[in-house]
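Notes for the structure review
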Amino acid sequence: MADFLLELRTEEIPARMQAKAADDLARLFGEAMAARGLAVSAQVHVTPRRLALIACGLPGATAPTREERRGPRADAPEAAVAGFLKSTGVARDALVARDDPKGRFWYAAIETPGRAIADVLADAVPEAVGKLAWPKSMRWGAASASMDSPRWVRPLSGVVALLDDMIVPMTILGIEAGRTTRGHRFMSHEPLAIANAHAYAAQLRDMHVILDAAERRRIIADGARACAAAAGLVLIEDAGLVAENAGLTEWPMPLLGRFDPAFLEVPREVIQLTMRVNQKYFACVDAEGALAPAFVCVANIAAADGGAGIIEGNRRVLAARLSDARFFWEQDKAKRLEDYLPGLERIVFHEKLGTMRDKAERVARLARWLVESGAVGALPLPAPLALSLPPLGGGGFSGVHPPSPYRGEGNATVGSEGEGLADLAARAGRLAKADLVTAMVGEFPELQGVMGGHYALAAGEDARVAAAVRDHYRPVGPSDAVPSEPVSVAVALADKLDTLMALFAVGEAPTGSRDPFALRRAALGIIRLILDNRIRWNLTRLNLQVVSSVLSAIYHYDPLGVSTDFRPSIVDDYLLERLQVQQRDHGISHDVIAAVAHGADPDLVGLVNLSRTLQAFVGTDDGANLLAAYKRAANILAIEAKRDGVERFGVPSPSLGLRLAFPSPLSGEGGLRDTATLPQSGGGTAAQPQGEGSGTAGQALAAALDAAAADAAAAVAAEDFTAAMAALAQLRAPIDAFFTATMVNDPDRAIRLANLALLQRFVDAVHSVADFSRIEG
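Not measured: the values here are computed from a predicted model. (Residues numbered from 1 in each chain as written. Predicted model: local features only at pLDDT ≥ 70, side-chain atom pairs only at ≥ 80, totals over all residues. Heavy atoms only, no water.)

1. Description of the sheet that holds strand β6 (residues 103-112)
Read across the open sheet, the three strands follow the order β4-β6-β5; overall the sheet is antiparallel. Only two strands of the sheet have a single partner each, and these edge strands are β4 (65-73) and β5 (96-100). Taken pair by pair, the neighbouring strands of this sheet meet at an average axis angle of 40 degrees, ignoring direction. The pairing of β4 with β6 spans seven bridges and is classified as antiparallel. The partner of T65 across the bridge, within β6, is T112. Running over the sheet, helix α2 (residues 78-88) touches β4 and β6 and is turned about 165 degrees from β4. (Pairing = 2+ DSSP bridges. Helix = DSSP H or I, 4+ residues; strand = E, 2+ residues; numbered from the N terminus. Axes fitted to C-alpha atoms, helices over the stretch in contact; angles between N-to-C directions. Contact = heavy atoms within 4.5 Å.)

What follows is the structure, encoded as structure tokens:
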């Protein structure tokens, strides 16, 4: 067995490209070797200046192979036979004629001898490297004058290819392979001859290169924490920044520096973003969680002065950046936030939907309606307001934060303050996008919304308006915080609902591979706002309110702008699809949500609560057996309905009754459907009372249905979903006994219809909770 080492030494590879390049090289090498009959795996390391692949346990040679290939027919012209001989490389007398079902053909046995592993590598490695794709690549040197010259991420300066201690002859992008490399750019100046794959990492470490990226990340994370702790501070953890610095350094050295405390008058988020994005620095906080005038940078050298010169240079650069940020901050807040609103008329939201100013007005109207209509009216009232914005948590700006001054302690509803909150919500919605035309957001687009909140507060706006402006984009991801104050929730919901409905209306619905307007994220944000704040409101009513606002905007800008495929229910369906995806991570399968949602105008909170209980129920023996009995009953009813031309048995109805109709809270209030009346005993045929099948088993099932159907409906109405499942579980034994003791399709038609009517009652009783026909299994 032999070990192979490949090193591709380059100019600095961008940090963001390194991890994928390592994965791709390992995959492409494995594929190239597999195509030559060898199943191998390799470990790939990456630093800013090198990609290194190590494959251990390679055989000395490939195994010989023998392949039998069929040629032309035995009576084919000699020219066809000659062509076959040329393609296979065998002699004429080596051909064998054999019969098969299609006739008599010539066959050739092609034997390929084994190849030395070095020869295989010499073919496979350049092929694999040549297929390595980069997001951006370049040409270099004299060869770059030709468009046919090789392209790579950065100029390739050296190749090491060793099989144990022997050089594997190969040429990659015009570079001949050898065994010589170089260590750290500044701390190592002599060429380094690599002995073999096993000695490679240790030899590089002697030349001040740490090969393992995970080790570099540990050094940076631990060192940055230690620097902050030594100064009595706490490091703001940032895994992404750790990884980026590990991709920028081969010998990382974390160092603590300080900046002028006067810059702390600039909003915290601006300082953190400036340090993170422009300088790759870590921020620190003091024991109380306030941002400290300190930073941790990561040098790529162990300086003789302990890093003092490096720290001073970084301090000067940061000071220049923060001076720019302070200028933007002072320039922007010299005007009131509402003074920026006319500038939104220069930003087109969508050609069929008008400008960002138009969108802001729609959001303002919808936010007002959400409060006035009571959609967010059950949220807690805010506690007495502090005249400052709480620091932004999550979304990449982590650290030690004081609690929000907005969260109420009680459960009071909006009540008499509803009108006042509606005005605040409308005001916040109108101002929400104003910061898009400020200088600070022009420089740091990541701070849109955040800066609007600061500028609103600086201009004397109500603190609830400022918080709603700041938070109206949230949540922007699964781990992002969800607004919880009524005004903030109303504006965040209004913004996302408007975006979703408007872009669906003009035909911009996302596809499997395309979502340029981030509508999936908007839909998930709506779902989280509703679920986390337990907003008991009907989606259809919400969406119909949005439709009128959106359609008037479209007709104003483009009378023919509405997509021919659009209807408001499409957005309902899309939100339910996103809910199925979101709840899958919480252990609820998509079919269970479909069973609960089908046929209802969904209240998402009740829907999820019922889905969670139903998911647990179908996982029990009672639930699994009841599901099997339900499907058996539904199949029988469907078959017999076709045969008899009757859609429901025992009760006149235009449908088979396999649609779900919800009792309160999933129906009734807010424009939802009323509870369906389940068939009851009585009014049957001449031979048998309706809903009571033949024999003792039928009578027992009828009695169980009388109790269970009422109990289940009442339990769902009271949102006691556990009790609803318990009521359904009471039907398991009677329905099993009924199927065991009863011939449903009795020769006596009257008895058969009575049996079918009983099954119809059973199906309807189950439907009082969920449409079990949609549950898989």
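That was the structure; now back to the text.
2. What to know about the pattern of salt bridges
Taken as a whole and assessed by the stated rule, the structure comprises 48 salt bridges. A salt bridge links R27 to D24; the nearest nitrogen and oxygen atoms lie 3.5 Å apart. Within this pair, R27 and its partner D24 are both found in helix α1 (residues 15-34), separated by three residues, close to a single helical turn. With a closest N to O distance of 2.7 Å, R115 and D123 form a salt bridge. The exposure class of R115 is partly exposed, given its relative accessible area of 32%. When salt bridges with common partners are traced through the structure, they connect K359, R362, K433, D495 and D498 into a single cluster. (Salt bridge = Lys/Arg side-chain N within 4 Å of Asp/Glu carboxyl O. Buried < 20%, exposed > 50% of the residue type's maximum accessible area, 1.4 Å probe, protein only.)

3. Quick look at unusual backbone geometry
Backbone torsion omega between R474 and P475 reads -5 degrees, so that peptide bond is classified as cis. Here P475 is to be found in the loop between α13 (463-471) and α14 (486-505). Unlike most non-glycine residues, E719 shows phi in positive territory, near 60 degrees. Residue position: E719 is located in the loop between α21 (695-717) and α22 (721-729). A relative accessible area of 30% means that E719 is categorised as partly exposed.

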